[in-house]
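Descriptive structure summary
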Amino acid sequence: MSDNINSRTARRKKQVKEQPKRPQKKLPNELWKKILLGIAALFLLVLVGGASLFAYYASTAPDLDEELLKDPLTSNFVTKDGDVFMKFGAEKREFVPYNEIPEQMKDAILATEDIRFFKHGGIDFYRLGGAIIANFRSGFGSQGASTLTQQVIKNSFLKNEKTLKRKAQEAWLAHKLEKEYTKEEIFEMYFNKVLMSGTRYGIGTGATYFYGKKVGELELPEMAMLAGMPQSPNGYNPFKNPERAEKRRNIVLTLMERHGKITTAEMNEAKKVPVTSTLLAEENREVYGKYPAYVDAVLDEIEAAGFTDLLSEGVTVQTALDPKVQETVEAKINDPSYYESDEMQAGMTVLDTKTSAIVAIGGGRNYSGRDLNFAEVRRAPGSSIKPILSYGPAIEELDWSTGQKVVDEPYSYKGSGTAIGNADGKFLGTLTMRQALYWSRNIPAVKTFEKVGPKKAEAFAKKLGFTYKNIDSSNALGGGDEFSTVQMAGAYAAFGNGGIYTKPHTVNKLILRDGKTEKNLRPDPVTAMKDSTAYMLTDVLRDVLTEYEATGTRANISNMDIAGKTGTTNYSAEKMKKDNMESHFVPDTWFTGYTTEYTISTWGGYGDFSPIKTYDNGRYVPQNLFRDVMSSIAKDPGTFVQPDSVEEAAIVKGSDPIMLASSFTYSNLVSNELFVRGTLPKKASIPKKVSIPSPDGLTAQFDANSNTVQLQWNYDVPNKYSSLGSPTFNVSVSVDGGGPQSITTTSDKQTTYSGVEYGKNYTFYVSANMGGYTSGSATASLSIKGADEPVIEDEPIVEPDENQDDQNNNDDDQSGNDSDDNNDIDNEEPDQSEPDGSNNPDGNNSTNDQNDQGQNQDQNQGQGQSNQGQGNQGNQGNQGQGQNPNDAGDTSSDSSSN
């Protein structure tokens, strides 16, 4: 069988070989000739057309003017009203003749800008070929091949734009320049005309400004630094951006070594020199001009837009500067009475809320333009970021109400065992979103961020000008990525402008020398969020300045509608231990606030991250500056108007899902909150109230040796309350019949009270908290008569639970409460647990119906005072005098914010 197979295979091969070959068709010679002639004609047409177009563009090019070649024209910087506040380029320059320029300085420039300068005739066709290939790959204008000669032309005569006309004119004028001037003269023009930084032209001027030296005195690292700066004069300024400047200098050194201008050993040695080590000492640096912080921002914007070269062409720069506001900002920031030390700094940005035009900038105390501009320096934002990464996205994406329930409880970052803490070390239990934000609680912010999800939170922040490298839950507390007062002001202005975001900007437009041609630099407004989100955030941020124990009350101005947010960062535990810091030391403090008219963002701290050690002249510097500046510049700010997309309703605080309040709801449980229209609950509900057991067996033992009282109590939790979690205890004291004041919140069944005084009467209260519910109080009294008199102790008192059967509560009374302790806890509405441990966030005790007559004492967490009442009269406690739980600040617990 195998033989047959082989024979069949052989026959098939033979048949294939025997098949006649098909003749290949050839194109006729005449057709080939026509194709070649067509290609040649097309090439000739393109060549003739290109040459004609080049000739036309060249004929319309301006004439060479020696004055323009050697000296920059003065540009005018004008205010928002058109008044000139600065003449740019009018300063004296250090002119350096070609023969006085050191050879190594020439080598640094040529290696960086045009290594074949002395070989080409104005256009380097070798480099041009590489640029053309790059432009075909990436699009026209993606890579240039400008020689030094072309740069001199561009900086003197032509508009800074990437068009075929400009490139043609540039090439023609470069050719003419090479014919009329020597290479040495052209190099001298470049050397003395190039913009170095700020308003300083010429590398000789740069040598004096940055190093206090003549060009001939410069060392190799200094020459390389100056040679690399013209590409981005402000960006590579070693005074302001030393890290970026050093990278650029090292690139120049590498190019010099690559082209054989220096040895490898010389390159390595020069790279070891820190770029800041040879700079002119700060106290010896030149101070320039009026409003230097604002001018800094203007130059940065022009550079970022690619129009720096236009500044030498006599343009008019139309800015948004308001001189009166700028002078107010400078005066306030420079006032030493605000600060805890001479070294503490502050930065401030003031925007027009509607347009985000920057009307004023405070770069720092006595800012001169020769150091860090703290308005533009990026630092960790702390809790200022919470509306941007947590609550804004929750309203926008999840249709959260401002009354959304959040729980402040022990919690760790999702996916890790790292615990999150609050600044005061406490957990406040069930809160509304509104309360969590104006008290700046950390744990609810992280939970909210994780509920929204990192992708949606990041997308929301990006629309407000914030970009993140690797976003995670720690960013929700202001850790990780850093931002400036300019960025913070821009984001908050969008909250005050109905959700419309415009990138903050100082420059509106550039008007060229002809007085007609304009370059618009004003960014386009974009919709960053729904107007409902913007208004609901604004309404909550109003409370930051007005609510009891909120974090921003020092920034408030009477009779002015203001919204805003504080921010504080912290050090890592390791750094605090290493540097022996006190617990309240922090590196950064912020306040960003806005009216319908202005938005102001203010940062306070130290340039070297030294700790802020005090409160009034430390942590509260941004709030104090905001208040005083806003008071001075406000003209007629209106009120924020609620849009039709938002509706308001009374809800039962802490309900989840949210329940509308009814006429039967206790007033202390009612909160007026905002909803995205169409998301209101269907109907009002009658909340049920859970009564958890009260502590008992409270004893108070006085220790005369230490002047302390040892408190102990008992607490047994029935199984039916196990779903509420572990109890915590709120301990308060009343001295001589005064209002109870909070001592501590603890999970232990004992504590110590210090500072006892003889001749005083003390009453102690202990109540329990579980799952957001608060119990009644156990009490014990001591009378400390005198040093030689016995201490009189009362028997422990246990206040009965309000809903127990032995209180004879009537099920039909207006409370709507069920007196049966066996209610199903999962279906019952919790009492609101507040920061002070009471049932009222405003520091006022709840109203409790009493069916028995007599005198009753409100013991809700030491916030109320004793009140007398009869019959069914409710007893309302007065506002307490306890320590503000937020006085410690809204410190981020994430150490990465450092």
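On a predicted model such as this, the values are computed, not experimentally measured, just so you know. (Residues numbered from 1 in each chain as written. Predicted model: local features only at pLDDT ≥ 70, side-chain atom pairs only at ≥ 80, totals over all residues. Heavy atoms only, no water.)

**What to know about the nonpolar core**
Nonpolar side chains tend to gather and get buried jointly when the protein is soluble and globular. Here is the rule we go by: Only buried residues count toward a nonpolar core. Its members are Ala, Val, Leu, Ile, Met, Phe, Trp, Tyr and Cys residues joined through side-chain atoms within 4.5 Å. In this scheme, a residue with accessible area under 20% of its type's maximum is buried, one over 50% is exposed, and one in between is partly exposed, where area comes from a 1.4 Å probe on protein chains only. Secondary structure is summarised from DSSP: a helix means a run of H or I of at least four residues, a strand means a run of E of at least two, and numbering begins at the N terminus for each. Whether two residues touch is decided by their heavy atoms; if any such pair falls within 4.5 Å, the residues are in contact.
Within the largest apolar cluster, 85 residues are counted, with the highest numbers of intra-cluster contacts made by Val350, Ile388, Leu464, Phe466 and Phe495. At eight residues, the largest contribution of residues to this core is made by helix α20 (residues 531–546). Once you skip the residues sitting within four places of it in the chain, Leu464 turns out to touch Ile388, Ala491, Ala494, Phe495, Tyr501, Ala528 and Met529. Formed by 48 residues, the second largest nonpolar core is a distinct cluster that contains Leu220, Tyr236, Phe239 and Val275.

**A closer look at the pairing of strand β17 (residues 588–594)**
Quick reminder of the rule: In short, DSSP must find at least two bridges between two strands for them to pair.
Summarising burial for β17: seven of the seven residues are buried, a large majority. The side-chain alternation of β17 yields two buried faces, one formed by Asp588, Trp590, Thr592 and Tyr594 and the other by Thr589, Phe591 and Gly593. As paired strands, strand β16 (residues 563–568) and β17 are joined by six bridges and run antiparallel to one another. Each bridged residue has a counterpart across the sheet, and for Gly564 the counterpart in β17 is Gly593. Taken together, the seven bridges between β17 and strand β18 (residues 598–605) define a ladder with antiparallel strand orientation. Looking at β18, one finds that Trp590 is bridged to Trp603.

**A short note on the packing of aromatic side chains**
Heads up, the rule is: Between 30 and 60 degrees the pair is tilted, below 30 it is stacked and above 60 it is edge-to-face, where a pair is any two Phe, Tyr or Trp rings, Trp via its six-membered ring, whose centres lie within 6.5 Å. In our convention, an over-ring charge means Lys NZ or Arg CZ found within 6 Å of a ring centre and within 35 degrees of that ring's normal.
In this structure the tally under the stated criterion is 24 aromatic pairs. Their ring planes at 70° and their centres at 6.4 Å tell us that Tyr338 and Tyr339 sit as a pair that is edge-to-face. Overall, Tyr338 belongs to the buried group, its relative accessible area being 8%. An aromatic cluster is built from Tyr98, Phe117, Phe118 and Phe187, whose rings are joined through pairwise contacts. Against the face of Phe117 rests Lys183, its NZ or CZ located 4.4 Å from the ring centre. Positioned above the aromatic ring of Tyr620, the side-chain terminus of Arg554 is 3.6 Å from the ring centre.

**Some thoughts on the pattern of salt bridges**
To keep things clear, this is the line we draw: A side-chain nitrogen of Lys or Arg and a carboxyl oxygen of Asp or Glu constitute a salt bridge if their distance falls within 4 Å.
Taken as a whole and assessed by the stated rule, the structure comprises 23 salt bridges. One salt bridge connects Arg542 with Asp539, and the closest N-O pair in it is separated by 2.9 Å. Taken together, the residues Arg542 and Asp539, both in helix α20 and three residues apart, mark about one turn of the helix. The two residues Arg542 and Asp539 agree in class, both being buried. Through salt bridges with shared partners, a single ionic network connects Arg434, Asp539, Arg542, Asp543, Asp561 and Glu673.

**Quick notes on a nonpolar patch on the surface**
Defined as follows: Note that patches include only residues with greater than 30% relative accessible area and no salt bridge, and the join distances are 9 Å for like charges and 5 Å for nonpolar side chains (Val, Leu, Ile, Met, Phe, Trp, Tyr). Using a 1.4 Å probe, the Shrake-Rupley method yields the accessible areas, and only the shown protein chains count as cover for residues.
Among the surface-exposed residues, Ile35, Leu36 and Ile39 lie close enough to one another that they form a single nonpolar patch of about 290 Å² accessible area. One can find Ile35 in helix α2 (residues 29–59). Residue Ile35 is classed as partly exposed on the basis of its relative accessible area of 37%.

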